[in-house]
Amino acid sequence: MDAADEAVRIAACVRAAELARLRPHAGLDRFRTPEQQLAALVDIAADPKGCVVVATAGAPVVAGAPATSGETLVGYVAFHPPTEIESWGADRTGELVELGAIEVTPAFRGHRIAPRLLEAGFADGRFDGTVVFATLYVWHYDLQASGMTDLAYRRMLENLYRSVAMESFATSDEEVRSSAANALMARIGTRAPERVVAEFHRLRMGTHGPSRAPW
Ligand SMILES: CC(C)(COP(=O)(O)OP(=O)(O)OC[C@H]1O[C@@H](n2cnc3c(N)ncnc32)[C@H](O)[C@@H]1OP(=O)(O)O)[C@@H](O)C(=O)NCCC(=O)NCCS
C-alpha cells in the first residue's frame, strides 16, 4: 500500500474503541513497535484530556464489522497531559497540553499528511484555551529515511509546527538543551488564561533535570 494510490482520511479525537479496531501500518515504528504504539494511542484516546488525530487508509470502518477493521493507521498526532516523568509533569494548573508525538509511516511521507493531522488537531478552537507545547528531540528524528542533517530535520519540524502557529521558545530544560538539534515549541492559545500561560513560562525556565521520556 502506498500513499500514491490510497485516499487518506483524517479524523480528530477518535474514540478509543474505534482506534483499537485499526491496523497499525508496519512502518509506524519510530517510537515503539506499531502494536505497542497503537496500544499507547488507545490509552491516550481513553483519557478524557487526550486527543488522538489519525490518518487512515483502506476500507472505512462499518457498523457491525469484525473486531479489526480493514482500515490501516498510517499516521497520527497525539495530544495529552504533560508526561509525568518529565519536569513538564509538574504542571500545577492541570491544563497544559503536550503534543506528544507525530508520526507518518515512511511510505506515506511527503504528502502533507502531517500538516493535515495538525490542522485537524487544532481545528474548532480545540486548544485555544490552553498552551500546547512540544519537545523536539533529535533521538526521535528519522535521519536515515529523510537523508537530512539533524539541524535540517529540526528546521523541517519547526516549519511543520509553525503551520499551526506554534513558535520556538527558549528553555532551561537540560534535556532540550542537550543538543542544538532539539527544540521547544508551543502555541499559546488566544483564550489561554494568564495562570496557564504563566505556568508554561515557569516550567520552561525552571530547574529541569535530565529524564528520558518514551517520546
Ligand atoms: C515529521 C513527519 C511526521 C512529517 O510527515 P509528512 O506527512 O511526511 O510531512 P510533509 O509531507 O509535510 O513533509 C515534511 C517534510 O518531510 C520531507 N519529506 C518529503 N518527502 C519525504 C519522504 N518521502 N520521506 C521522508 N521525508 C520526506 C520534506 O523535507 C518535507 O518538507 P517540505 O514540505 O518543506 O519539503 C514524518 O517525517 C515522520 O513521521 N517522521 C518520524 C517521526 C518524527 O520525526 N516525529 C517528530 C518528532 S516527535
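So, here is what we can say about the structure in this document.

1. Some remarks on the overall build of the chain
Phase 1 of the analysis: Along the backbone of the chain there are seven helices and eight strands.
Phase 2 of the analysis: Looking at the chain as a whole, 38% of its 215 residues qualify as buried.
Phase 3 of the analysis: Relative to all contacts within the chain whose residues are 6 or more apart in sequence, the contacts with residues 24 or more apart total 70%.

2. Topic: helix H5 (residues 150-162)
Phase 1 of the analysis: With 13 residues, H5 extends 18 Å from end C-alpha to end C-alpha; this agrees with the ideal 18 Å at 1.5 Å per step.
Phase 2 of the analysis: Taken as a whole, H5 has its buried residues at Arg154, Leu157 and Tyr161. The buried side chains of H5 occupy one side of the element, clustering within an arc of 65° when seen end-on.

3. Details of the environment of Phe122
Phase 1 of the analysis: Considering the arrangement of structural elements, one finds Phe122 in helix H3 (residues 113-122).
Phase 2 of the analysis: The class for Phe122 is buried, based on 22 C-beta atoms found within 10 Å.
Phase 3 of the analysis: As for Phe122 and Val132, which are separated by 10 residues in sequence, their C-alpha atoms are 9.7 Å apart.
Phase 4 of the analysis: The contacts of Phe122, once residues within four sequence positions are left out, are Phe127 and Val164.

4. What to know about the site of the ligand
Phase 1 of the analysis: For the ligand, the set of nearby residues contains 22 residues, the closest of which are Val104, Arg109, Gly110, Ile113 and Ala114.
Phase 2 of the analysis: Listing elements by their share of the shell around the ligand, those giving two or more residues are strand S5 (97-104), H3, helix H4 (143-146) and H5.
Phase 3 of the analysis: Class assignment of the residues belonging to the shell around the ligand gives a composition of 12 nonpolar, five polar and five charged.

5. Some points on the pairing of S5
Phase 1 of the analysis: Counting buried positions over the eight residues of S5 gives eight, a clear majority of the element.
Phase 2 of the analysis: Pairing between strand S4 (residues 71-80) and S5: six bridges, direction antiparallel. Bridged to Gly75 within S5 is Val104.
Phase 3 of the analysis: Looking at chain direction, S5 and strand S6 (residues 131-136) are connected through two bridges and run parallel. Bridging from a neighbouring strand, Glu98 pairs with Phe133 of S6.
Phase 4 of the analysis: In this fold, the crossover linking S5 to S6 by way of H3 has right-handed handedness.

6. Considering H3
Phase 1 of the analysis: In terms of burial, H3 is largely enclosed, as seven of its 10 residues are buried.
Phase 2 of the analysis: Within H3, burial applies to Ile113, Ala114, Leu117, Leu118, Ala120, Gly121 and Phe122.
Phase 3 of the analysis: Where H3 is buried, its residues meet strand S1 (9-11), strand S3 (51-58), S4, S5 and H5.
Phase 4 of the analysis: At the C-terminal side of H3, Asp124 shows a positive phi close to 60°.

7. Some details on the environment of Val54
Phase 1 of the analysis: You can see Val54 is positioned in strand S3.
Phase 2 of the analysis: Given 25 C-beta atoms within a 10 Å radius, Val54 is considered buried.
Phase 3 of the analysis: In this structure the C-alpha to C-alpha distance between Val54 and Ile102, which are 48 residues apart in sequence, comes to 9.9 Å.
Phase 4 of the analysis: Every residue in contact with Val54, bar those within four places of it in the chain, is listed here: Ala11, Val14, Leu19, Leu73 and Tyr76.

8. Structural notes on the nonpolar core
Phase 1 of the analysis: If you look at the biggest cluster of nonpolar residues, it comprises 54 residues, and the most contacted ones within it are Leu41, Val52, Tyr76, Leu117, Phe133 and Met185.
Phase 2 of the analysis: Aside from chain neighbours lying at most four places away, what touches Tyr76 is Leu41, Val52, Val53, Val54, Ala55, Glu103 and Leu117.

9. Remarks on the pairing of S6
Phase 1 of the analysis: With six of six residues buried, S6 lies mostly within the body of the structure.
Phase 2 of the analysis: The alternating pattern of S6 places Val131, Phe133 and Thr135 on one face and Val132, Ala134 and Leu136 on the opposite face, and all of these are buried.
Phase 3 of the analysis: One ladder, built from six bridges, connects S6 with strand S8 (residues 183-188); its direction is antiparallel. The residue bridging Thr135 from the neighbouring strand is Leu184, located in S8.

10. Some words on unusual backbone geometry
Phase 1 of the analysis: Even without a glycine there, the phi angle at Arg112 is positive, about 60°.
Phase 2 of the analysis: Classification of Arg112 by C-beta neighbours within 10 Å gives partly exposed; the count is 13.
Phase 3 of the analysis: Even without being a glycine, Ala165 presents a positive backbone phi close to 65°.
Phase 4 of the analysis: Within the secondary structure layout, Ala165 lies in the loop between H5 and strand S7 (167-169).

Calculation notes
Residue positions within a chain follow its written sequence, with the count starting from 1. Residues qualify for local features only when their pLDDT is at least 70, as the model is predicted, and side-chain atom pairs are given and counted only at 80 or more; totals for whole chains, interfaces and linings, by contrast, use all residues. Here a helix means four or more residues in a row that DSSP labels H or I, a strand means two or more in a row labelled E, and each is numbered from the N terminus. Residue burial is a threshold on neighbouring C-beta atoms within 10 Å of the residue's own C-beta, all placed from the backbone, with 20 or more meaning buried, 12 or fewer meaning exposed, and counts in between meaning partly exposed. Contacts are defined on C-beta atoms placed from the backbone: any two residues whose C-beta positions lie within 7 Å are in contact. One less than the number of residues in a helix, times 1.5 Å, gives the span that helix is expected to have. Here the arc refers to the directions that run from the helix axis out to each C-beta atom. Nearness here has a simple definition: the residue's C-beta atom, placed using the backbone, must lie within 6 Å of the molecule or strand. Classes in brief: Ala, Val, Leu, Ile, Met, Phe, Trp, Tyr, Cys and Pro nonpolar; Asp, Glu, Lys and Arg charged; the others, Gly included, polar. Whether two strands pair comes down to DSSP finding at least two bridges between them. Note on handedness: a crossover is taken as right-handed if, strands pointing away from the viewer, the path from the first strand over the helix to the second is clockwise. Under the definition applied here, buried Ala, Val, Leu, Ile, Met, Phe, Trp, Tyr and Cys residues are grouped into a nonpolar core through C-beta atoms within 7 Å.

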